[in-house]
Amino acid sequence: MAETTDVAIIGGGVAGCAVAFYLAQSGVKSTIIEREGVGNQASGYSAGGLNPLTGIGIPGPLGAFGWESFQLHLGLYDGLKEQSGIDYQNRTVAKIDLALEESDLEGLRASVALFEGVEGFEARWLEPEEIAKLEPRISPAVLGGVYAYGNNAVDSYNFTKALAAAAEKMGSTVRAGNVRGLESSGGKVDRVVLADGEISCGQVVMAMGPWSRRAESWLGVYIPVDPLKGEIIRLENRGEPFRHDISGGGGTIYPKLDGLNWCGTTEDWKGYDREPSGQAAHEIRQRVARLVPDLADARLVKHTACLRPVTPDWLPVLGRAPGWENVYLATGAGKKGILLAPGIGRSIADLMTTGETALSIQGYSPERFATQID
Ligand SMILES: Cc1cc2nc3c(=O)[nH]c(=O)nc-3n(C[C@H](O)[C@H](O)[C@H](O)COP(=O)(O)OP(=O)(O)OC[C@H]3O[C@@H](n4cnc5c(N)ncnc54)[C@H](O)[C@@H]3O)c2cc1C
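The rules we used
Residues numbered from 1 in each chain as written. Predicted model: local features only at pLDDT ≥ 70, side-chain atom pairs only at ≥ 80, totals over all residues. Core = buried A, V, L, I, M, F, W, Y, C linked by C-beta atoms within 7 Å. Buried ≥ 20, exposed ≤ 12 C-beta atoms within 10 Å, placed from the backbone. Helix = DSSP H or I, 4+ residues; strand = E, 2+ residues; numbered from the N terminus. Domains from an automatic or database assignment. Near = placed C-beta within 6 Å. Nonpolar A, V, L, I, M, F, W, Y, C, P; charged D, E, K, R; others polar. Contact = placed C-beta atoms within 7 Å. Expected span 1.5 Å × (residues − 1). Arc of directions from axis to C-beta. Axes fitted to C-alpha atoms, helices over the stretch in contact; angles between N-to-C directions. Parallel < 35°, antiparallel > 145°, perpendicular 65-115°, else oblique.

## Thoughts on the nonpolar core
Argument step 1. With 112 residues, the main nonpolar core has Ile-10, Val-19, Ala-20, Val-205 and Ala-330 as its most contacted residues.
Argument step 2. A total of 10 residues in this core trace back to one element, the largest contributor, which is helix H1 (residues 14-25).
Argument step 3. Looking at which domains feed residues into this core, each of domain 1 (3-84 + 156-225 + 313-369) and domain 2 (94-151 + 227-310) supplies at least three.

## Some words on the site of the ligand
Argument step 1. Lining the immediate environment of the ligand, one finds 42 residues, of which Gly-11, Gly-13, Gly-209, Gly-230 and Gly-337 sit closest.
Argument step 2. Elements represented by at least two residues in the shell around the ligand include exactly H1, strand S2 (30-34), helix H2 (42-45), strand S11 (226-235), strand S15 (300-310) and helix H9 (337-354).
Argument step 3. In terms of residue class, the shell around the ligand is built from 17 nonpolar, 18 polar and 7 charged.
Argument step 4. There are two domains that each give the shell around the ligand at least three residues, and those are domain 1 (3-84 + 156-225 + 313-369) and domain 2 (94-151 + 227-310).

## Structural notes on the domain arrangement of the protein
Argument step 1. Domain assignment breaks the protein into domain 1 (3-84 + 156-225 + 313-369) and domain 2 (94-151 + 227-310).
Argument step 2. When each unit is reduced to the centre of its C-alpha atoms, the spacing between domain 1 and domain 2 is 29 Å.
Argument step 3. Between domain 1 and domain 2, the contact holds 19 residues from the first and 17 residues from the second.
Argument step 4. Listing elements by their share of the side of domain 1 that touches domain 2, those giving two or more residues are H2 and strand S3 (49-50).
Argument step 5. A breakdown of the residues in the side of domain 1 that touches domain 2 according to their chemical character gives 9 nonpolar, 9 polar and 1 charged.

## Brief notes about helix H8 (residues 278-291)
Argument step 1. Relative to the 20 Å expected for 14 residues at 1.5 Å per residue, H8 spans 20 Å between its end C-alpha atoms, a close match to the ideal helical length.
Argument step 2. Residues Ala-280, Ile-284, Arg-287, Val-288 and Leu-291 constitute the buried set of H8. What you see down the axis of H8 is that its buried residues fit within an arc of 90°, all on one side. More than 90 degrees from the buried face of H8, the exposed residues found are Gly-278, Gln-279 and His-282.

## Brief notes about unusual backbone geometry
Argument step 1. In this model, Ile-58 is joined to Pro-59 through a cis peptide bond whose omega is -5°.
Argument step 2. With respect to the helices, strands and loops of the structure, Pro-59 is situated in the loop between S3 and helix H3 (63-84).
Argument step 3. Of the consecutive residues Gly-264 and Thr-265, the connecting peptide bond is found in the cis state with omega at -20°.
Argument step 4. With respect to the secondary-structure elements, Thr-265 resides in the loop between strand S14 (261-264) and H8.
Argument step 5. At Gln-89, a position not held by glycine, the phi torsion is positive, near 55°.
Argument step 6. By the element assignment, Gln-89 lies in the loop between H3 and strand S4 (91-99).
Argument step 7. A tally of 17 C-beta atoms within 10 Å means that Gln-89 is categorised as partly exposed.

## Let's talk about helix H6 (residues 156-169)
Argument step 1. Counted at 1.5 Å a residue, the expected span for H6 with its 14 residues is 20 Å, and the 20 Å between its end C-alpha atoms agrees.
Argument step 2. Counting buried positions along H6 yields 11 of 14 residues, so the element is predominantly enclosed.
Argument step 3. Within H6, the full set of buried residues consists of Ser-156, Asn-158, Phe-159, Thr-160, Lys-161, Ala-162, Leu-163, Ala-164, Ala-165, Ala-166 and Ala-167.
Argument step 4. Of the residues one or two after H6, Gly-171 is the one with positive phi, at around 105°.

## A short note on the packing of H3 against H9
Argument step 1. Across the interface, H3 lies against H9 with an axial gap of 7 Å and an inter-helix angle of 90°. Here H3 lies roughly perpendicular to H9, going by the angle between them. For the pair formed by H3 and H9, the contact residues are Phe-65, Gly-66, Glu-68, Ser-69, Phe-70, Leu-72, His-73 and Leu-76 on the first element and Leu-339, Leu-340, Pro-342, Gly-343 and Arg-346 on the second.
Argument step 2. Split by residue class, the contact of H3 with H9 holds 7 nonpolar, 4 polar and 2 charged.

What follows is the structure, given as structure tokens:
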């Protein structure tokens, strides 16, 4: 018998799984089609930071949606953990941003204001002596820094798996498969064509992350999402675990609950190259050793590389595909896809089930890249 589904979701990263989860909560069953295993791309290998107050587009066009997504994360954790049986370890973190050069001081001091008056957050300037008390292994050469409390962090692989598992418990399906194209009639997609068969569907969600451009020729629509490679090295910890995320000079140290210091990250436009590179590992280590000299020769336990889905304006692409009745795009979350996932899932599910959403996605419509391909 031919396979059928109400909604075919192409891509089992955090975006696709979040859409499946929120659709299921609204009573709509879907099929996630994933060719390399749920969460096995960037969604599984990210740093897992939920930082709603800083980053590209924040404050700015990503600010309101980032904050809404952060609030959704806070409300989601206990229930999703219980429903899925997967603890993805959502926790609040404290961070120290360090000034290594005189030229870092002004911007860092000014950044304290971003946290002022925001519920659940606090920040203050630290002199070098205070830094030495908080984290004695930080280099004595630092000029000062900012303590910031309130960001959260998750294990993003388990978060992605939890969304998929909860959707499955509500009647959705995860299916292994490599989508090769779409069959359509009269402005509607009728079938998803896989390497090993076809699935008839009522609606389609394209959540293909950095591979989203592949669907341009299927839909005749521009989806300018390009892969930005990022690498993380995980270093063995010696001594007491750090109690803060530590960053500065382009390097960041995330002490994780697995006992390792995840250090990163790089940003390279190298097409679809996903090979961890010795050069990147060397650069990351040099940067983090300026923050904590002890890490210069710490044992490398694991090194990963994966691809962020980035658009020309660094904003996601969310909404109905121009010219199509039943196709939705959920992609382009760039460096913030784990933070934004609940907002992506909720807003796309809202649009598909009610035609509108209260979330602040107005600037993210696929139409902004306008022109259809002939
Ligand atoms: C080093 C690094 C650190 C990061 N740190 C953070 C962070 O701290 N906080 C944060 O918020 N974000 C972070 N990110 C960004 C975040 O990881 C991404 O924005 C997010 O994972 C993108 O999710 P996605 O579902 O859109 O894409 P992906 O995770 O890439 O998922 C897309 C999926 O689609 C599948 N697919 C594609 N084409 C097909 C097809 N034809 N058929 C079947 N399946 C297909 C792929 O196999 C893939 O699994 C980081 C990223 C990197 C690289």
